[in-house]
Amino acid sequence: MSAVSGNIAHAASEKFVLISHAPDSDSWWNTIKNAIKQAGEDFNVTVDYRNPPNGDLADMARLVEQAAARHYDGVIVSIADFSVLKKSMENVTAKKIPLVTINSGTQKQSQELGAIMHVGQPEYEAGKGAGEKAKAAGIKSFLCVNHYATNPSSFERCRGFAEAIGVDYKKSTLDAGQDPTGIESKVSAYLRNNPGTQGVLALGPDSAGPTLRALQKMGLKGKMWFATFDLSDEIAKGIQDGSVQFAIDQQPYLQGYIPVAVLAIVTQTKTTDIPTIQAKLKANPKFQARLAEYGLTPIYGPRDISSGPGYITKDNIAKVLKYAGQYR
């Protein structure tokens, strides 16, 4: 476990905690840690970061219970598993401690838990947005390479894409497993057996890399329409050379910064009215400066703020790479 606190000129009056499901080994969350530090500085609050070192969700539930017992002024939690975390998160709201949910989970689950709002990337909408771009490019058939089929929400990405182009997602989805060699051979076999396939969607770097290698060996890299979720060095090179159309970006920085800002507005202005909170956030010059500097675009909904989908293309890849792993 680690703690992150903002370096501020005078004592912060509020203290929040962000509890993630990520093990210590997961570097993806470093961007979120950086974001909560900067939000703490911008809004004059202190923010702790807590996580289960090995990613154990029972440990995470205990951390949430501890947060409720310590009477933080606000709590931020990723809904890694609704059933496992529900009771401990309800302990937070039962004590009238403001709660914001992030990353995993759905807006509906967030509401059920009594959270003020959810900040994350709605998976179906992210897939659908990518599918609409594919449809505009003339794509009428595709393969969805799913390397983490054990996560039910992953299929929402495939379903959204499929429905946008008007096909059955079940027939177009490959349970690829997590072995790189296995992914490559399964993708190759699918494309040989379905030669009419026009496009490929990978659900992240773990499946994108092996898929790109399969396309290269089949002479299809740069010829077949290809997009993926998230970013890696290999994907970035593909965007630059044109073999990857775009990467769907959930903008993790926003999943750290926005919840802290929202809790600061809630506690400092004594309001939980979503339009008022959003208006104050949009009017904050420090927040707007962060967005401009890192090239980030939040999506404001009726009662939630989505961190994605954003899209990394040739047009913005330079700015993304400049801050990759730090603020992007």
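Above: the structure in question.
Nothing here was measured: the structure is a model prediction, and the numbers come from that model.

### Some words on the overall build of the protein chain
Stage number 1. A count of helices and strands for the protein chain gives 14 helices and 13 strands.
Stage number 2. For the protein chain, the C-alpha atoms occupy an extent of roughly 60 × 40 × 35 Å along the three principal directions.
Stage number 3. Scored against the burial criterion, the 328 residues of the protein chain give a buried share of 53%.
Stage number 4. As presented, the protein chain carries roughly 14,000 Å² of accessible surface, and 49% of it is formed by carbon and sulfur atoms.
Stage number 5. Here the protein chain carries 36 positive and 32 negative side-chain charges, and the mean point of each set is 3 Å from the other.

### Considerations on empty space enclosed by the protein
Stage number 1. This model, assessed by the stated rule, comprises one cavity of 30 Å³ or more.
Stage number 2. Of the voids in this model, the largest cavity is the one considered here, and its volume is about 30 Å³.
Stage number 3. Around the largest cavity, the lining residues are Val17, Ile19, Arg50, Leu63, Gln66, Ala67, Arg70 and Tyr72.
Stage number 4. Looking at the lining of the largest cavity, the elements with two or more residues in it are strand E1 (14-19) and helix H2 (57-69).
Stage number 5. At three residues, H2 tops the list of elements feeding residues into the lining of the largest cavity.
Stage number 6. Considering only residue class, the lining of the largest cavity consists of five nonpolar, one polar and two charged.

### Considerations on the sheet that holds strand E8 (residues 199-202)
Stage number 1. The strand order E7-E6-E8-E9-E10-E13 describes an open sheet built from six strands, whose pairing is mixed. A strand with exactly one partner marks an edge of an open sheet, and here the two such strands are strand E7 (173-175) and strand E13 (310-312). The sheet shows a mean angle of 25° between the axes of neighbouring strands, taken without regard to direction.
Stage number 2. The sheet contact formed by E8 and strand E9 (residues 225-229) spans four bridges and is parallel. Following the sheet pairing, Ala202 is matched in E9 by Thr228.
Stage number 3. Against the sheet, helix H6 (residues 154-165) touches strand E6 (142-146), E7, E8 and E9, its axis set at about 175° to E6.

### So, unusual backbone geometry
Stage number 1. Along the chain, Gly308 connects to Pro309 via a cis peptide bond; the corresponding omega equals 10°.
Stage number 2. Assignment of secondary structure puts Pro309 in the loop between strand E12 (305-306) and E13.
Stage number 3. One non-glycine residue, Asn44, lies in positive phi territory at about 55°.
Stage number 4. In this fold, Asn44 is placed in the loop between helix H1 (30-43) and strand E2 (45-50).
Stage number 5. Even without a glycine there, the phi angle at Gln251 is positive, about 45°.
Stage number 6. As for its position among the elements, Gln251 is in the loop between strand E10 (246-249) and helix H11 (252-269).

### Here we look at helix H9 (residues 205-217)
Stage number 1. Its 13 residues place the ends of H9 18 Å apart at the C-alpha level, agreeing with the 18 Å of an ideal helix rising 1.5 Å per residue.
Stage number 2. Of the residues making up H9, those classed as buried are Ser207, Ala208, Gly209, Pro210, Thr211, Leu212, Ala214 and Leu215.
Stage number 3. The secondary structure elements touched by the buried residues of H9 are E6, helix H8 (180-193), E8, E9 and helix H10 (233-241).

### Brief notes about H10
At 3.6 residues per turn, the α-helix brings residues three or four places apart onto the same side.
Stage number 1. Listed as buried for H10 are Ile235, Ala236, Gly238 and Ile239. Angular distribution of buried residues about the axis of H10 spans 160°; they occupy a single face of the element. Facing away from the buried side of H10 by more than 90 degrees, the exposed set consists of Asp233, Lys237 and Asp241.
Stage number 2. Buried residues along H10 sit in contact with H9, E9, E10, E13 and helix H14 (317-323).
Stage number 3. Backbone geometry just after H10 places Gly242 at a positive phi near 90°.

Calculation notes
- Residues numbered from 1 in each chain as written.
- Predicted model: local features only at pLDDT ≥ 70, side-chain atom pairs only at ≥ 80, totals over all residues.
- Heavy atoms only, no water.
- Helix = DSSP H or I, 4+ residues; strand = E, 2+ residues; numbered from the N terminus.
- Buried < 20%, exposed > 50% of the residue type's maximum accessible area, 1.4 Å probe, protein only.
- Areas by Shrake-Rupley, 256 points an atom, 1.4 Å probe, with all protein chains shown as cover.
- Lys, Arg positive; Asp, Glu negative; His and termini not counted.
- Charge placed at Lys NZ, Arg CZ, Asp CG, Glu CD.
- 1 Å grid on protein atoms, 1.4 Å probe; cavity = no way out; pocket = protein on both sides within 12 Å on 5 of 7 lines; lining within 4 Å.
- Points joined across faces, edges and corners; volume = space filled by probe spheres on them.
- Nonpolar A, V, L, I, M, F, W, Y, C, P; charged D, E, K, R; others polar.
- Pairing = 2+ DSSP bridges.
- Axes fitted to C-alpha atoms, helices over the stretch in contact; angles between N-to-C directions.
- Contact = heavy atoms within 4.5 Å.
- Expected span 1.5 Å × (residues − 1).
- Arc of directions from axis to C-beta.

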